[in-house]
Structure formats: C-alpha cells, structure tokens
Amino acid sequence: MRRLLVANRGEIAVRISRTAREMGLETVAVYAGDDANALHARAMNRSASLGPGAAAETYLSIPRILEAARATGSDAIHPGYGFLSESAAFARAVGSAGLVWVGPPPEAIEAMGGKLAARARMEAAGVPVMPGSRPGASSDADLVSEATRLGFPVLIKASAGGGGKGMSRVDSAADMPAALAEGRRLASASFGDDTIYLERLLADCRHVEFQVFGDSTGRIVHLFERECSVQRRHQKIVEEAPSAALDPGLRRAMGEAAVRAASAVRYVGAGTIEFLLDADRQFHFLEMNTRLQVEHAVTEETLGCDLVRAQLEVAQGLPMPASWSDGTLVPRGHSIEMRLYAEDPIEFLPRSGRLLEYREPSGPGIRVDSGVERGSVVGLEYDPMLAKLIVWGPDRPAAIGRARRALAEWVVLGVETNMPLLRAVIDSEAFGSGRYSTDLVSRLPRPAAGEPPDAAWIAAALADSAPLGARGDAAPAAADPWTSASGWRLG
Amino acid sequence: MRRLLVANRGEIAVRISRTAREMGLETVAVYAGDDANALHARAMNRSASLGPGAAAETYLSIPRILEAARATGSDAIHPGYGFLSESAAFARAVGSAGLVWVGPPPEAIEAMGGKLAARARMEAAGVPVMPGSRPGASSDADLVSEATRLGFPVLIKASAGGGGKGMSRVDSAADMPAALAEGRRLASASFGDDTIYLERLLADCRHVEFQVFGDSTGRIVHLFERECSVQRRHQKIVEEAPSAALDPGLRRAMGEAAVRAASAVRYVGAGTIEFLLDADRQFHFLEMNTRLQVEHAVTEETLGCDLVRAQLEVAQGLPMPASWSDGTLVPRGHSIEMRLYAEDPIEFLPRSGRLLEYREPSGPGIRVDSGVERGSVVGLEYDPMLAKLIVWGPDRPAAIGRARRALAEWVVLGVETNMPLLRAVIDSEAFGSGRYSTDLVSRLPRPAAGEPPDAAWIAAALADSAPLGARGDAAPAAADPWTSASGWRLG
Amino acid sequence: MSGARLRSGDAAREIGVEGDAALIDGRRVEFERRLAEGRVEGIAIRGREHRIVAARDGRRVFVWCDGTAWTFERVAATRTAGMRDHGQDLISPMPGRVRRTMVADGESVARGQVLLVLEAMKMEHSIRSPADGTVRLRVREGDRVEAGVELAQIE
Amino acid sequence: MSGARLRSGDAAREIGVEGDAALIDGRRVEFERRLAEGRVEGIAIRGREHRIVAARDGRRVFVWCDGTAWTFERVAATRTAGMRDHGQDLISPMPGRVRRTMVADGESVARGQVLLVLEAMKMEHSIRSPADGTVRLRVREGDRVEAGVELAQIE
C-alpha cells in the first residue's frame, strides 16, 4: 500500500488522511464538482474530481470513484463512514479492481446490512436481541399482531436501514396501518427496499455500543464501550467513554456478547456493536455498523490507540496491535466527544452559509477533528456535521470541566450551529451526574437566546461602523467568486 | 482558592489559565504596558496592567504583582516558569500578603537556588553529582588547579544561574584566567552574584530529567523522565518521554535518586531533577528546577495527568492524586514536544515581527500550547518561544510520524522561526534511531533554504498582484496602530 | 460619535461609541479595547475581560463573545437617518424546486413564519421569514429555481 | 497577464499568471486554484495538491506551501518597468543603542553581511544587509535610536 484514496469528504476524510500521512502513505482526495474548494480536497497529496452532480452521482458512484483511483494510481481505498462505507458491492468492486479495501469483508457487510437477517443471526449466536417482530411477519395483519404481542409503543424500522434513519414510533394498534404504509414508503425511498420490522420501544434506555476489531488471523477483540445516549432526532450528538452506566460485570458480559456477534460474521477490521441498555440493566443487540464510527475518537483517547492506523495495517494483512489481544489494554481517564452541526439548536434544521470566522480550541486534553476552516462554505447538500471536539481528562469531572472550557474557546461565526445545545448538555445536571438516558435532550429546557452582554453590543457597534474590507469582515463580493454560492443570505 | 492570578505571559500563562478555568476558578492576567494586546492578557476573566517598563519593572516586580493581586481581589498566585517562579523572596511575599503561593516552599527554592550549595547538599543525600570544583575554590589559582584535577574541557557555571544560561566551556589551562574573569562578569551581570564553579564537561552525554512531585503529607514521588538532549545554545528545543536511553534498571535508579534529591529539601509541588547521563550510563545530578518546566506536557501526555491541576490542588493542601503514589502509574505510548521559537534556524538569533498568518495543526494526538495567534506582535523584549507542539503516539515511530505530519500543518507566516530546524531534527537519522546526545543539533547539516517549488512561486505572484486589503493581506497601516512596532521591517 | 440602532433576536438597542466609552440606550459604559492586528479581539469593562471575535457580512454583524455567538442587524442608523430600509431578500442557495408556498403575496408575515418549502437535493427545506413585514413572493409553486435567485422579499 | 520579477533568497524568477496558467522564466505551468473565501489556499499542478497560505506585508509576500514558509520580494515589475527601485531600508524595531558599525558609509556590502550591532534590552543584535549593494549608514556608533528609526539603506 503506497497511495490511499479516501472515498469521503468532511472531517473523516481529513482525519483518515492525517493518519495515512503519518504512516508515510500518499493520500488522494476525491470531490464532487461543487466541493473542489472544500478543506478535504486540499488536504491531501493528490485529488481527483468526481464530476458534477449530487452525492448519488459522485461520492456514491462506484464507477466514478474507481475511475478516480485508476487515474491517480491509487492502490487502496478507505471509505470512511456513510456514503459507500457499508456497501458490499463497493467492497467487492474495489477488490475486483485489484485495490486494497480498507474495511470488513463484503460477506460481513452483507450479513449485518439486512437488519432483519442480522437479528436472527445474532440470536443464533447467543447475543441478546431487542424483542421484535418475527422474521416472517410482513403483512399488516401479521405486524399488528406482533405489535400487540410486543406491547406498545413499538418502533418501525427499515431492514435495509440503520443509524437511526427512517425509524418511527407507534403508540397504538389504531395507528398501525397508516404507520406501516408510511414506514414502507420511507424504507423504499431511502434504502430501495420496503422490508420493515418492529422492535419493542423501551423507555429510559441508554444506547451503549462496543468497538470491536478483527484481523486476518481470525482474532476478534472488543475495545470497550462508548456511551451514546445523548441524541437528537435519533442521532448522536455527544458520546463518551467509558459509560457511567456499566459496572465491571456488565462491561464484561456486553463485551463478550459483542465479540460473539462479530465472530458470527467472521469480522475483520473495525466495527461497532450497538446495544440498548434498559432500565433493568438488560442489554439488547440493535445493529452492527460495519465501518469506522463517527465517535471512534473517544475510544482512541481512552485506550491510547489509533483505529485508522490499525485499519490500514490490518487491511494489509498485518495483525492487530499485540496489546489489543493480550489483555493488557486498559482504558485510562475519560473522553467526551461533541459534534458540531450546522443547524439551529432548537428544531435541529440544517443551516448553511459561510464560516466568516472559525477558531478551534487547543491546549491540554483537546482534540478537534474538523472538516471546515475559516472561509469554508457550508451547504445543505451533505451531512451538516462540521467538526468534532474530543476532550480527555483524568476522570469524568475533569473531562466535563475541559469540555466546558473548550466549548467556550470555539469560535464559529457566520453559520448557526448547535453549540448552545452542546453547552446545555455539558452544563446539565443529568449529564453531570452520569445518570441519563436517550431522552436527555428532550428533557432539557430549550436553549434561550437571552440578551447579548454589553461587551457584545459594543463589539457589534464597532464592527458595524468599521470600514469595509478591514480584517475580520467578509471579503468584498467582487474578490470572491464563492459569495453567490454561500447559502441563504439575507440581502 | 477562587481567583487565581497568573504572574506570567505567553503560552504558559494561557496554559495555566486553561486548567484553572476547567477547575471552575476565575483567572486573572497581568501584563506589562506594551503587552496589553498580547493573547494571555485577553485569555482570562480579568486583567491588570503592571504599568510601563521592561520586564524588570513589570513581570519581575514583586510589589507591582502584589498590587495587581490586591486590586483584582485574587487569592492565589501561580508564577509559571521563568520570571519570579524561582524567587524565594516572591514566594515569601505572596504568603505574607495572605495569598496562596502555587509553588514549592521558599526554603526549598533557596536550598536549590544556590547551585554550589545544592551540589553539596545532594552529595550528602547520596545523589551522584557531576564532578566539579570543591565548594571552597574561588580564586583563579584554586579554580585552575581544580580544572586540571577534573581534566579539560570544563564548564564554568554561575552558582546563582541555571537553565543553561551563562555557561562557558574552557579547553585549556591557558584559557582559564580570561574565561574566569568573563564568567564572573557575566554571573554578576545576569544574576547579581559573581560566584562561579566548574564542572567536568563530558562528551557524548544525554540530558535526562525526572519530574518529581510532593504534597503536604510529606509524600514525594517521581513521575518518570523526560529526554531533553536536543538543544541549541544549551537550551532545549525538542523533548520526549520516555527516554530511549533508559532501561528499567537505570530508570528505577535515577527515579530513586530524584526522589532522594527532592526529599532532601522537603519538596512540595512540581519540580524537576536534571541529570546528565554519560556515555558509560552513569548519571550525575546537575540542578533542580523548583517550578513547572516548559516541557512538562510530555509527562502529562504519557502519564495521562494534569500537572497544573495537581499544583493547584496541592497548593490548597489536598493530597496528590492517589495513582501517583500507589505504584499504579505507568507511562503509555510516546510523546514529543517541539518548541517554536521566533529565531533564525541557523544562528538562533531572535526575530521579531507580526504573525500575518498563524494556524495550528490539529487532529488525533496533537496538542498545541500557544502564546500567540494570528495578528500577534512578536517583539524582542521577551523570550522568543511562541508556542509548543506536543504530539502523542502509541509508540515512538508513530509519535515521530505524527510530529512530522503536525509540523507540516503548522502555518506561521510573517516572522522567521526555527521550524526548519525542528523539521530537520525530527527527520534526522540520529533522532529517528533514538541514539543521540546533546550535540545532535550541531551535527545536523545546516538547513538549506533551497528554492521554492513552482506552487509557491505561483502563489507569490498571485498574492503580489492581488488588490491590497483582500483577505490574507496585512491590514492597511492606517487601521492598525501596531504596524509601527512590528519589528525589523524592510521598508 | 458613531451611532446605530442594532437588533439581536428580540432585543434592539441604540448604541454609540466614542473613544473608549459607549452609550447603550443612553447608559454610559466605559471600556478598553484589546487589539490584534487592528481588530478588536477583546473588550474589558470594569476589570472584566471579554473575548471578542467579530465579522460583518453585508448588513449583518456576527459577534462571538466569551463563547457565545450573537447575530446583529442594523435596524436604522442614527447617522444615516432618512435612508430607506431596503427590505430583506431571501436568495436561493442552490438549484431546486418550489414545492409549496405557505403565504400569499402581499400577506403580513411574522419573523420565523414559514413562507415556502423548497425541495433541493431530495430534501425539503422550510424557508422562514427573517423579519416581521409584508412578503413579496418572487416565485410560484412548482417553479424550478437556480442558485442565487430571489425567492421573496420582506418589506 | 500580470507579471513581476520576484526574489526568494538567492533565487529570482520572472513570473506571470494568466487565468490558470503561469509563465515561470518562460516555462509554462498549468495549475488549478483551490479557494477559501476568495483567497487561494491551494494550488494543484498535474494532479498534485499543494496547500497554500499567502500574506503580503508591504513589498514582501509570505507564502506557506506544504509546510514550508518562503519570503518573496518583488525585484522589478514587468508591468511597471521604468519605476525606480527604492532601495531597502533597515528600520529599528525598538529603542536601543548602536554599539558598533561594522562597515563604512558608502561601502559595497554583500547580502547577509553584518552592518552594525544594536544593543537593545540588554542583548546585542547583529543587523545584516538584506541585499547586495551600497550601504548608506544613517546612524553612528553610540547613537541612541528610537523605534522606527532608519538605521541604514542599501542601494
């Protein structure tokens, strides 16, 4: 492996290329036509355009990415997360093209990709699975009767889905027919497969996942857990390791179940087993993500490892680091990740614009994995996550203090973000106590804008009266061909 | 302790205030008149001017700092390193003013401050001391005879000195009289005390120091070593932990000697025992630094601790963290610190100017402790260190790869720095092998400027022809009161 | 003394600055500036330091102060009294299709009210009014719009 | 086509840019710009990406390219041929005292040669010639100088 193409964009593309460069690899970026000036396209040794078009024709186009690999002389492809990362077809096509695929075997992707089949397989492997509809139940009548058996509320999920997308809650049998129809429509539209299934919806749950890792010698280990219960719209915004909800016994039991789950599909590389932990401290398999996770960084910080380096090594047939399998690996301290989204902090609707200022926190215990910088244009075409702040501290209270300090150093101007929500979470009593469940965000008081302090009014007046073109102002439109594409502007 | 005054400037003032804020303390900056716009003066909750004048009248003025503490209602003072950090008089004055002194007891500072007396004390405590002139030797005749006994070359050192300042090498008896006269003159001018002594000068040595820490219960521990052999002008520029020169036996022996040394002066707080390790793997006490060290960060990264937090806790009478004294503390991975100086990379002469651009590296394993930002004015009044880059990796080769990658991300424009030297060190075979001694820098080929690549010529032509006032250019002089003070400008 | 009326969210203030003193709705506040490269990057008031980063984009001023980002808009300038307020345009950021209009042309709308729904990149985006006022729609349901097209104006 | 003669260290090049092609001493180099907010922050040449940050300060242009910082000076502009070169001034950055002059007024000096030694803040600083030329000293040994004072000029 000499030249690695990163088939992704944003922070994860930059993050992967950083480790690849540290290993002495050349890195190759790909970009959609409208993304030629994005940070990730400039951050690597080479780059190749994927041509014009939306994601489906660019970052999701297997032929275009393989053509980019060929044109740049790349010999390996890392898919990141999202896009084609969980496409068995892509994994196979990469292999057929004679390139190294930095990911699990396509068979493992397939085995876990169909959520309904995966549930059955996990049950067979002795992994506790969240109670749900039996595999054969597909007609309305069957599913309504299954829902009644499970007890309302239930969740409708797409078998081809995952990551919290396309889920909906149903509270009574009367609502079922309409909800099933809408669920099938959404599943078909989003994933090209209208197969749906039901899961029992438990209140007061925590979402706890285990990092697993396998290598070509057949060894499979877990790399401890991540607590991912801080969610909005079923998507994670704050993660931490370790989870305050686990004691050593539960951690061991869940870790062993995670290894069983990964072993059942002969997993190689980095993957994640997602569990729901209920109020009775019972855990239930939800799904496996057969790729690097957004929140992998909290595992890296507490274990002192580099998951991307291990992915790249294992993809070349090397064994995993010795300390991962000899039982000497012990988490140290506490790590928290906060995801910065370009979205309003109340209704979580995506926002666009241009980052007029962007300055990252730094100093002890701070890591920022970012896909943007000052001047970046934030569009609505892609996932609105801009960057991740990861803090580490010797213990959980120290990590929380550090998170608070780092959030207060992070300057993001020009695009509305969820920063107020992140601060509200970190400052909340529930998060501080460690006793919270997936409804934490919905229980927070809505972040009130309040009124600017005197210093902000004065600074605004000074900036308002400063001559145009002075530093800190946006560039004059004439000098900037990108202004016109910079999103929703108030004229 | 509620409000902490940080009696320092630059990166260490910012770094201390970060931890203090994380602990919920209010922080107070002090600044000399010409430093009102420095980063550290803006980074804290409050600030107080120390009035006009050079360092001697500001950052080194005990009355002015105490007055600032009084005016701001501060109840504790952290001195950082340099300036008043090793002044027993300051430590006493802080205590007398009823404030908490975040540092060792004045008696310990005094005991280690006179290097000649400290050598005798260490010898009595059973710590191997670098062979040198006997304490009574002060006349030229005595010192020449001592030099002959020790064997040339010898080093002349100031008893009141430290940190590599004011040392000079003498190669023969014939050079001694002139060198002694110059040594006394320098010692008197720099430290107000012309007492000098001699030390044997060993070739092929390594500079290895141990972090020690004591608390008010009388417990004293060491927190492992730092390798500090990469020096220019007797001052460190790259440090790492652990040292590739130590095996477990030598590490234990040196650690025990370090604890004996600190115990001999009933040390409390953070301190450093500096040793020279000779080609025969014998170690010799050089001096003790009774303060936080510039390079403390590599200890923090490998041990997973926060030395400033521990200093602040111990200053309030709390015990040191339990894991430091129960034997469970084990270094993990490898950390390297690189000091960015505003100086030319060949003759190491200080440079001044304005940072037209400044962007820090980030991502996994990267920490930057900086005293500057974009727009900062770099003068010649103070120490030319601008910032420190600290990397951590699972092993030494990974840390070196990360250092190389991070240096290549660090954008510093407008002021000449030692970046080319840092890159040359990290890229050198000697550093890569881990087998190097204090002459590493002098053995490097001088960094050749070479010729800019095509991309740089093109970028220069584009910037040269861009309209003034566009982003990325310096602000127009009229809008910027600091241009005229921005250092050596070519008109 | 330069003066302006600025608005941030629901709050509006008359604010003027002369030298190192500001008048905020008539209340005098003395302050010290901390500068970096001619930019104001800090404001000290009664011994308290406030970290500041400010940027301007057209009529809007963005101010980051001690960890919180605020958006200001000039409402009416004292020194330019008499100047006509231009209204606020809503510009399409990318190609798309107008799926629904939620208000009628000429209707009175409140700040935050949804004016129309744009479909772009397979997602629906609600376009809300940036201010109270009268809406002038520039597009109709079903229209395809290019990037940069004016969708509506609030007067 | 804009053109200029630029110097960096010992190297000097005639360089012109038109659109996405540059002429470097007559050699044609095609490139692609990567922009951030109108600034060129990357240049791609034959598929290779070069990260760029550039800043200008008076006559000097600073360019950071893939981890290395370069300083350029305009030597003589093609499009402004005939303009007189102003020579190069050495300006004192802070108060100090001229401890020694190492050259005589009117002497020919080489780039990098020490012209004088300034004592400031208890340290001695060697002031070197930024270019080959004839030196015009503006100060004498023992002179006290304020910040901003011209110490010498190279013609």
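Below is a summary of the structure that appears in this document. All values reported here derive from a predicted model rather than from experimental measurement.

Quick notes on the packing of helix α1 (residues 10-22) of chain A against helix α11 (residues 307-315) of chain A
All names here are of chain A.
- Their axes nearest at 9 Å, the elements α1 and α11 cross at an angle of 65 degrees. Two packed elements cross with a definite hand, and for α1 against α11 that hand is right-handed. Every residue of α11 that contacts α1 at Arg15, Ile16, Thr19, Ala20 and Glu22 is listed here: Val308, Arg309 and Leu312.
- Residues belonging to the contact of α1 with α11 are distributed by class as follows: 4 nonpolar, 1 polar and 3 charged.

Focus on the pattern of salt bridges
- The tally for this structure, following the rule as stated, stands at 124 salt bridges over all chains.
- Between arginine 339 of chain B and glutamate 295 of chain B there is a salt bridge, and its shortest N-O distance comes to 2.9 Å. Highlighted residues: arginine 339 of chain B in strand β14 (residues 334-341) and glutamate 295 of chain B in the loop between β13 (283-289) and α10 (296-303), separated in sequence by 44 residues.
- We note a salt bridge from arginine 5 of chain D to glutamate 14 of chain D, for which the minimum N-O separation is 3.5 Å.

Re the environment of serine 61 of chain A
All names here are of chain A.
- When you line up the elements, serine 61 lands in the loop between β3 (46-49) and α3 (62-72).
- Here the alpha-carbon distance between serine 61 and leucine 386, two residues 325 residues apart in the chain, equals 23 Å.
- The contacts of serine 61, once residues within four sequence positions are left out, are Ala55, Ala56 and Leu84.

Re the packing of aromatic side chains
- Enumeration according to the criterion identifies 16 aromatic pairs over all chains in this entry.
- Consider the rings of phenylalanine 90 of chain B and tryptophan 101 of chain B, whose centres lie 5.5 Å apart with planes at 85 degrees: the pair is edge-to-face. Residue phenylalanine 90 of chain B is located in helix α4 (residues 88-96), and its partner tryptophan 101 of chain B is located in strand β5 (residues 100-101); the two are separated by 11 residues in the primary sequence. Side by side, phenylalanine 90 of chain B and tryptophan 101 of chain B carry an identical accessibility label, which is buried.
- A centroid spacing of 5.0 Å and a plane angle of 65 degrees characterise the contact between tryptophan 457 of chain B and phenylalanine 72 of chain D, whose relative ring orientation is edge-to-face.

Reading guide: rules and limits
Throughout this description, residue numbers start from 1 for each chain and increase along the sequence as written. Key to labels: chains lettered from A, ligands numbered from 1, both in the order written. Local features are withheld for residues below a pLDDT of 70 in this predicted model, meaning they are given only at 70 or higher, and side-chain atom pairs are given and counted only at 80 or more; totals for whole chains, interfaces and linings count all residues. The side-chain figures draw on all heavy atoms in the structure; neither hydrogens nor water molecules are used. Axis lines are fitted to C-alpha atoms, over the contacting stretch for helices. Their N-to-C directions set the angle, which ranges from 0 to 180 degrees. For the purposes of this entry, the term helix denotes a DSSP run of H or I that reaches at least four residues, the term strand denotes a run of E that reaches at least two, and both are numbered from the N terminus. Definitions for this section: a left-handed crossing has its near helix turned counterclockwise from the far helix by less than a right angle. A right-handed crossing has that turn clockwise. By the convention used here, residues are in contact when the closest approach between their heavy atoms is within 4.5 Å. Residue classes follow a fixed rule: Ala, Val, Leu, Ile, Met, Phe, Trp, Tyr, Cys and Pro count as nonpolar, while Asp, Glu, Lys and Arg count as charged, and any other residue, Gly among them, counts as polar. Between Lys or Arg on one side and Asp or Glu on the other, a salt bridge is scored when a side-chain nitrogen of the former is within 4 Å of a carboxyl oxygen of the latter. Here the aromatic set is Phe, Tyr and Trp, taking the six-membered ring for Trp, and pairing holds for ring centres within 6.5 Å; pairs whose planes are under 30 degrees apart are stacked, those over 60 apart are edge-to-face, and all others are tilted. Relative accessible area decides the class of each residue, using a 1.4 Å probe on protein chains only: under 20% of the type maximum gives buried, over 50% gives exposed, and in between gives partly exposed.

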